[in-house]
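Below are the chains, spelled out letter by letter.
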Amino acid sequence: MAKSEGQWFIPSTLLSRVHAEQRHDGEFWALWADIDEPDGVTFEEMKERSRDCIPGAFMAYTSKSATEERQKARILIPLASPVSGAEWPVYQKILNDKLQSVGITPDRATERTGQPCYLPNRGDFYQHHTHKTGLLEPSTCWGDELAEEMERQAEEEAQAKAAKLKPRPASLAGAEGGIIDKVNAAFEMEGELQARGYIKMGRRYLSPQSSTKTPGVIVLESEGRQIAYSHHGETDPLSQLNHSGHALDMFDVICCLDYAGDVQQAIPALASLVDPDGQKQRQREYMAAKDTPRADISAVIDEPEQVDSPKAPSPAGVDLLTPPGIAGEICRYMKLTARRPRPELYPFAALQLMALVGRKRRSIYTNKLNLMTLAIAPTAAGKEKAQDGVKRMAHEQYCSNLIHGNAGSFRDLIYNLLDGDGASLYIVDEVHSFFDSIKSGKAQNYESKMEAEILTMNTTELYTFRGMEKRALTEIYQKHVKQLEKAVEDAGEDEEKAVQMERALDKAQRRLDWLENGLPDPFFSMMGHSVPERLDAFIKLDNISSGFLGRTLITRCPDTRAKLRRTPVDEHELAECELNITTGLAEIRRSGCTVAATDEAADYLDECIDWYEDDDQLNHHIAGGIYARAPEHLYRVATILALETGTITLEHARYAHALVRRSIEDVSYILLKAYSDSDGAQEKQVMQHARQTIHRNCKTTGLPLSRLKHLVTKPKGWEEMQARDMTRDRFSELIDRMMTAGELEKQVEGKRERYISRAAV
């Protein structure tokens with residue numbers, strides 16, 4: 001049977017999956033190990049090695065997804081007497097340590113008291129073994145190890161309690177100290193750690209950077225506030241080794257993890273969340289006192305805010321290149337392994353991969369994780385890394401068979417969806433050719449139908465098949481069912497062959513049912529890439545009105561390429577990253593829980609929807625169709641980010657909103673670019689486009705003036721504007737104005753001059 005239908009248990013007499021309840025009241029009668037990454041160790045070898053380190057009876061069996069190449073397994077060790085929920089995680093750690101010492105790598109998630117253990121469920125490769133001897137008495141056999149581990153934990157707890165809080169910078173003003181106090185009061189340590197990838201195991205937290213997989217972060221109460229103390233090594237940003245042995249309060253943790261320890265950057269960003277009215281007043285006072293104020297680029301592209309309209313939730317402090325959790329790890333892996341990094345592409349790739357792996361999951365907000373993403377970047381800029389990374393990691397999670405490169409007709413779309421058990425992901429390079437074929441006036445009938453089919457598959461909750469395809473496919477599968485029924489009969493006593501034929505028969509009958517009654521909630525996603533010269537032209541008004549762009553998330557990369565990376569890859573960092581990804585994706589694949597949301601996240605999402613649904617956005621004369629679909633994107637992105645933990649946090653919600661807002665801004669920029677390149681373009685819009693082009697291409701390392709001038713003066717509208725008054729150098733005027741306003745800064749290093757955007761986005 002499918003794993004989602006398989007039986008599982010928690011070896012405790014307490015009927016609860018809540019970790020805290022099991023730790024407090026659980027009574028455990030067995031230990032268990034999950035070997036999800038056998039690393040070439042066979043089941044026979046596991047049996048022999050387990051006998052060497054487990055002083056008692058045990059049962060071992062391969063898991064549902066085991067193959068001959070990857071003989072994944074579980075081991076159950078019944079106990080002679082029960083252990084408490086407080087002691088059980090320690091014994092689990094001892095067991096895992098002993099298995100690790102003999103070359104068996106266990107999944108440390110089993111050290112969580114509420115972690116379910118799946119019982120035997122025969123898969124394609126199935127073996128089992130029972131080692132019969134006396135039952136394990138852990139207090140006798142592993143008493144010394146228990147005492148040693150409890151002593152170690154007690155010493156670490158004492159060290160954490162004795163640690164002094166990290167001192168505040170002496171330069172902080174009184175108002176800034178007040179913001180820190182508000183942050184400490186407003187946020188809760190457990191939720192914030194988990195939102196940033198820390199895994200709660202017992203009373204401790206495991207750093208996402210940990211290679212030992214032993215939890216080392218302790219959370220305590222001190223002077224009326226929560227503090228964190230990390231015993232992890234220096235790879236953990238919170239490690240006491242990185243903070244001179246100090247403990248960290250809530251503000252320290254957020255500042256360290258979200259702002260790389262930059263207090264001056266963290267305070268204004270967090271002030272907007274915990275003291276929005278006060279922050280607005282402080283900003284007004286600051287701008288009034290500053291001779292050359294720094295501009296807000298949003299004022300260039302946004303319409304004036306209406307007094308009675310809801311305000312857009314602020315995405316300030318969100319790093320779009322570094323999504324939270326496992327998505328961020330996937331982006332980090334792609335950046336580490338890319339020869340020419342293009343980090344703007346990686347978040348879409350991470351979301352597509354996670355959605356594919358967790359395609360059967362649901363949240364309280366949506367039943368569908370389908371995504372349509374388009375990424376626009378210059379040729380030879382590194383687009384292949386995002387595509388290849390998704391394919392490779394999907395292969396490791398046994399779902400690369402659902403990925404397709406292209407489709408030649410709407411029938412291809414249908415057949416691929418059926419063959420994939422209702423799931424398809426299209427990764428299309430040079431996607432403009434695909435769009436040209438389905439949008440062209442010369443398109444064949446089978447091509448012109450593809451756009452409608454794509455939109456339907458992506459959004460419908462029940463996909464129904466066209467009469468012609470239904471009749472043709474029904475005939476094919478009916479014949480196939482008869483052949484398989486006969487094959488089951490012919491298998492006779494050959495149990496292995498009979499099981500194989502029965503599985504194929506179930507699959508064929510399921511397809512017949514879909515053809516007759518419809519396919520519920522198909523998973524249909526598309527990840528497209530192309531170059532600005534070709535895909536920018538697809539971003540036009542008729543594709544907004546058709547609904548295609550409204551269903552699509554878009555990123556428009558800078559027009560420049562990153563330098564070729566010539567330094568060797570940090571193999572240790574890469575291995576750690578790969579382990580985190582594999583563990584996270586496996587958890588997404590294994591879990592069947594419905595994704596919930598914290599109260600904070602739910603409130604934030606509601607604020608976002610209020611803004612999207614406001615009349616100014618919803619009925620915008622150009623972008624209304626895009627804003628109308630924005631809530632769907634918001635819910636799906638937030639859900640996908642939370643697949644690993646099962647709960648949408650405020651961090652997930654804020655990132656989802658920032659990503660959706662940026663997609664809308666990119667569409668607006670491309671429309672403005674098209675207008676600036678048309679005949680008779682107005683000067684105001686041409687200058688607006690020029691300003692945005694500078695900001696988009698002058699982030700981080702900036703650009704030299706010659707390259708900047710080429711990008712800005714390229715549109716036809718600029719040439720016409722300049723031709724109307726040849727006595728003026730409008731480009732130099734624009735650069736001077738932006739530098740005076742604090743939007744642009746010139747940096748000089750020897751003979752090298754570069755211009756860097758300083759606008760607040």
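The present account deals with the structure reproduced in this document. (Residues numbered from 1 in each chain as written. Predicted model: local features only at pLDDT ≥ 70, side-chain atom pairs only at ≥ 80, totals over all residues. Heavy atoms only, no water.)

### Details of the overall build of the protein
Scanning the protein from terminus to terminus reveals 31 helices and 22 strands. Split into buried and exposed, the 761 residues of the protein put 50% on the buried side. For the protein, the exposed surface amounts to about 35000 Å²; the carbon and sulfur share of it is 49%. (Helix = DSSP H or I, 4+ residues; strand = E, 2+ residues; numbered from the N terminus. Buried < 20%, exposed > 50% of the residue type's maximum accessible area, 1.4 Å probe, protein only. Areas by Shrake-Rupley, 256 points an atom, 1.4 Å probe, with all protein chains shown as cover.)

### Some words on the pattern of salt bridges
By the definition in use, this model includes 36 salt bridges. Put simply, E573 and R332 hold a salt bridge, and the shortest N to O gap is 3.0 Å. On the criterion of sequence distance, the pair formed by E573 in helix α23 (residues 571–590) and R332 in helix α12 (residues 326–337) is long-range, its members being 241 residues apart. Accessibility expressed as a relative area gives 21% for R332, which makes it partly exposed. With a shortest N-O distance of 3.0 Å, R662 and D666 are connected by a salt bridge. With R662 and D666 both in helix α27 (residues 650–676), this residue pair falls four residues apart, about one helical turn. (Salt bridge = Lys/Arg side-chain N within 4 Å of Asp/Glu carboxyl O.)

### What about the environment of G382?
Take G382: it is sitting in the loop between β12 (372–376) and α14 (383–396). Taking the C-alpha atoms as reference points, G382 and R342, 40 residues apart in sequence, are found 5.8 Å from one another. Look past the residues within four positions of G382 in its chain and what remains in contact with it is R340, R342 and L345. (Contact = heavy atoms within 4.5 Å.)

### A word on the sheet that holds strand β6 (residues 128–131)
Strand order in the open sheet formed by four strands is β2-β4-β3-β6, and the pairing between neighbours is antiparallel. In this open sheet, the two strands that pair with only one neighbour each are β2 (27–35) and β6. Between one strand axis and the next, the sheet turns through 20 degrees on average, direction left out of account. Pairing analysis gives four bridges linking strand β3 (residues 58–62) to β6, with the strands arranged antiparallel. Of the residues in β6, the one forming a bridge with F58 is H131. The sheet strands contacting helix α3 (residues 88–101) are β2 and β4 (73–84), and the helix crosses β2 at an angle near 30 degrees. (Pairing = 2+ DSSP bridges. Axes fitted to C-alpha atoms, helices over the stretch in contact; angles between N-to-C directions.)

### What to know about the pairing of β3
By the criterion of burial, β3 is predominantly enclosed, with four of the five residues buried. In this structure, β3 lies alongside β4, joined through four bridges in antiparallel fashion. By the bridge assignment, Y61 is partnered in β4 with R74.

### A word on the packing of aromatic side chains
Applying the stated criterion across every chain, the model contains six aromatic pairs. A centroid spacing of 4.4 Å and a plane angle of 20 degrees characterise the contact between F28 and W88, whose relative ring orientation is stacked. Taken together, the positions of F28 in strand β2 and W88 in helix α3 put the pair 60 residues apart, joining distant regions of the chain. On the accessibility criterion, W88 (0% relative accessible area) is buried. Consider the rings of Y365 and Y635, whose centres lie 4.6 Å apart with planes at 5 degrees: the pair is stacked. With a gap of 270 residues between them, Y365 in the loop between α13 (346–357) and β12 and Y635 in helix α26 (residues 624–641) connect regions that are remote in the sequence. On the accessibility criterion, Y365 (24% relative accessible area) is partly exposed. One aromatic cluster in this structure is built from W611, Y612 and Y627. Seen from the ring of W8, R17 lies directly overhead, with NZ or CZ sitting 5.3 Å from the centre. Sitting over the face of the ring of Y669, R696 holds its NZ or CZ atom 4.3 Å from the ring centroid. (Phe/Tyr/Trp six-rings, centres within 6.5 Å; stacked < 30°, edge-to-face > 60°. Lys NZ or Arg CZ within 6 Å of the ring centre and 35° of its normal.)

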